[in-house]
Amino acid sequence: MASSPPFYITTPIYYVNARPHLGHAYTTITADVACRFHSMRGTDTFFLTGTDEHGDKIVRAAKKEGLSPRTYVDRISGQFKDLWPQLNISYDRFIRTTDPAHMAVVEKILQKIHDEGDIYFSEYEGMYCYGCERFYTERELGDGKCRDHQTQPEVIREANYFFRMSRYQEWLVDHIREHSDFIRPERFKKEVLSFLKDPLEDLCISRPKSRLKWGITLPFDDRYVTYVWFDALINYVSALGYPDGEDFVKYWPSAQHIVAKDILKPHGIYWPIMLKAAGIPVYQHLNVHGYWNVDESKMSKSLGNVADPLAMKKDYPGRWPNRS
Ligand SMILES: [Zn+2]
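Rules used in this analysis
Residues numbered from 1 in each chain as written. Predicted model: local features only at pLDDT ≥ 70, side-chain atom pairs only at ≥ 80, totals over all residues. Heavy atoms only, no water. Helix = DSSP H or I, 4+ residues; strand = E, 2+ residues; numbered from the N terminus. Rg over C-alpha atoms; globule rule 2.2 N^0.38 Å. Buried < 20%, exposed > 50% of the residue type's maximum accessible area, 1.4 Å probe, protein only. Areas by Shrake-Rupley, 256 points an atom, 1.4 Å probe, with all protein chains shown as cover. Lys, Arg positive; Asp, Glu negative; His and termini not counted. Charge placed at Lys NZ, Arg CZ, Asp CG, Glu CD. Pairing = 2+ DSSP bridges. Core = buried A, V, L, I, M, F, W, Y, C linked by side-chain atoms within 4.5 Å. Contact = heavy atoms within 4.5 Å. Phe/Tyr/Trp six-rings, centres within 6.5 Å; stacked < 30°, edge-to-face > 60°.

Caption draft 1: Representation of the overall build of the protein chain in the model. In terms of helices and strands, the protein chain carries 12 helices and 15 strands. Here the C-alpha atoms of the protein chain give a radius of gyration of 20 Å, agreeing with the 20 Å that 2.2 N^0.38 yields for 324 residues. Dimensions of the protein chain, computed from the C-alpha atoms along their principal axes, are close to 55 × 45 × 40 Å. Evaluated residue by residue, the protein chain yields a buried proportion of 51% over its 324 residues. Carbon and sulfur atoms provide 50% of the accessible area of the protein chain, an area that totals close to 15900 Å². A gap of 4 Å separates the mean positions of the 42 positive and 43 negative side-chain charges of the protein chain.

Structure, rendered in structure tokens:
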């Protein structure tokens, strides 16, 4: 059989502030189906999933249950890991952002970008949503409230490290225009391009340890941990053994991601720019899907309307064989 290029697909790493629900299962089943398809055609495939385990929300969720962050993330991550085989999903690797090997790669990439001059230190005052763990611009807020949390962000002032995304804005617009299937389907590509019509603000990528300790320490300033997105996105390369692991060399050139539309911006803007700044080739495709709605609202833990994938499995038993 003629050999085709390998197929590498990832789900997002799921944030362990809540148990897995049908939305997580949908994304992961989609990745599994794509992987089975390519596998059956004789293509060498690699399927990555995992859990995102740092940040403020995790600390608060653990506290609520009276557990240390470590005990808490072990428990929830385990629930995700146990769920997938029960749905006949067969991933090749399950990564956790608390894995020491992942943490070492995050430090390496932060240091590299810092050495290149694309991370700088500055004071900042802005509107911060504790739920999202990020600052918002006035334009993003619209009516003054965070859309996801329906709360008014608080004004806070802080010295932090910033990632010079603005330097790469033009490059990213050109890249998206020249690679028409870089972000698909079309409507999400348009959404990213429309966002890029305005000047891109630099990204705050640190949190002072006085406010958050549960994260990866910046290799160039131990008073700070890195922002969760910077930590999380790097899993897609750390899981393959970046920079010189055999799997990285083999699979990264054909990388594609599947995400739901709520995380379009980190994947369609932050991540390609991080890769570019770190001197890593960008991924091939970002595949974006919508939400599972219950009535008119997105299925989510904070709204308390989640469907349990295992209960669904009982109602709709599958007959899929395991992928070999
Ligand atoms: Zn929010």
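Text resumes after the structure shown.
Caption draft 2: Summary view of the sheet that holds strand β9 (residues 206-208). The strand order across the open sheet formed by three strands is β9-β11-β10, and the pairing between neighbours is antiparallel. In this open sheet, the two edge strands, each paired with only one partner strand, are β9 and β10 (217-218). Where β10 lies against strand β11 (residues 221-226), two bridges are found, and the strand directions are antiparallel. Paired with Thr217 across the bridge in β11 is Val225.

Caption draft 3: The sheet that holds strand β7 (residues 183-184), seen in detail. Pairing is parallel across the open sheet formed by six strands, whose spatial order is β3-β2-β1-β12-β13-β7. Both edges of this open sheet fall to β3 (93-96) and β7, since each of them pairs with a single strand only. As judged from the two bridges shared by β7 and strand β13 (residues 285-289), these two strands associate in the parallel manner. Note on β13: the bridge partner recorded for Arg184 is Asn287.

Caption draft 4: Quick look at the nonpolar core. Core analysis: the largest hydrophobic core is formed by 87 residues, its most contacted members being Phe163, Trp252 and Trp271. Per element, the largest residue contribution to this core is eight residues, and it comes from helix α11 (residues 264-277). Once residues within four sequence positions are removed from consideration, Phe163 is found in contact with Ile113, Asp118, Ile119, Asp202, Leu203, Ile205, Phe230, Tyr270, Ile273, Met274 and Ala277.

Caption draft 5: Structural context of the packing of aromatic side chains. The tally for this structure, following the rule as stated, stands at 23 aromatic pairs. Ring geometry for Tyr14 against Phe80: centres 5.6 Å apart, planes inclined by 15 degrees, an arrangement best described as stacked. Of this pair, Tyr14 sits in strand β1 (residues 7-15) while Phe80 is found in helix α3 (residues 69-86), placing the two residues 66 residues apart along the sequence. Tyr14 gets classed as buried once you look at its relative accessible area, which sits at 6%. Where Tyr91 meets Phe94, the ring centres are 5.7 Å apart and the plane angle is 55 degrees; that geometry is what we call tilted. One aromatic cluster is present, formed by Tyr8, Phe46, Tyr236, Tyr242, Phe248, Tyr251, Trp252 and Trp271 through successive ring pairs.

Caption draft 6: Region of interest: the pairing of strand β4 (residues 119-129). Strand direction decides the pairing type here: β4 and strand β6 (residues 154-163), joined by 10 bridges, are antiparallel. Looking at the pairing, Glu123 lines up with Ala159 of β6. Examined bridge by bridge, β4 and strand β5 (residues 134-136) share three bridges and lie antiparallel to one another. Each residue of the ladder has a partner; that of Cys129, found in β5, is Arg134. Between β4 and β5, which pair antiparallel one after the other, the connecting turn spans four residues, and Glu133 there sits at a positive phi close to 60 degrees.

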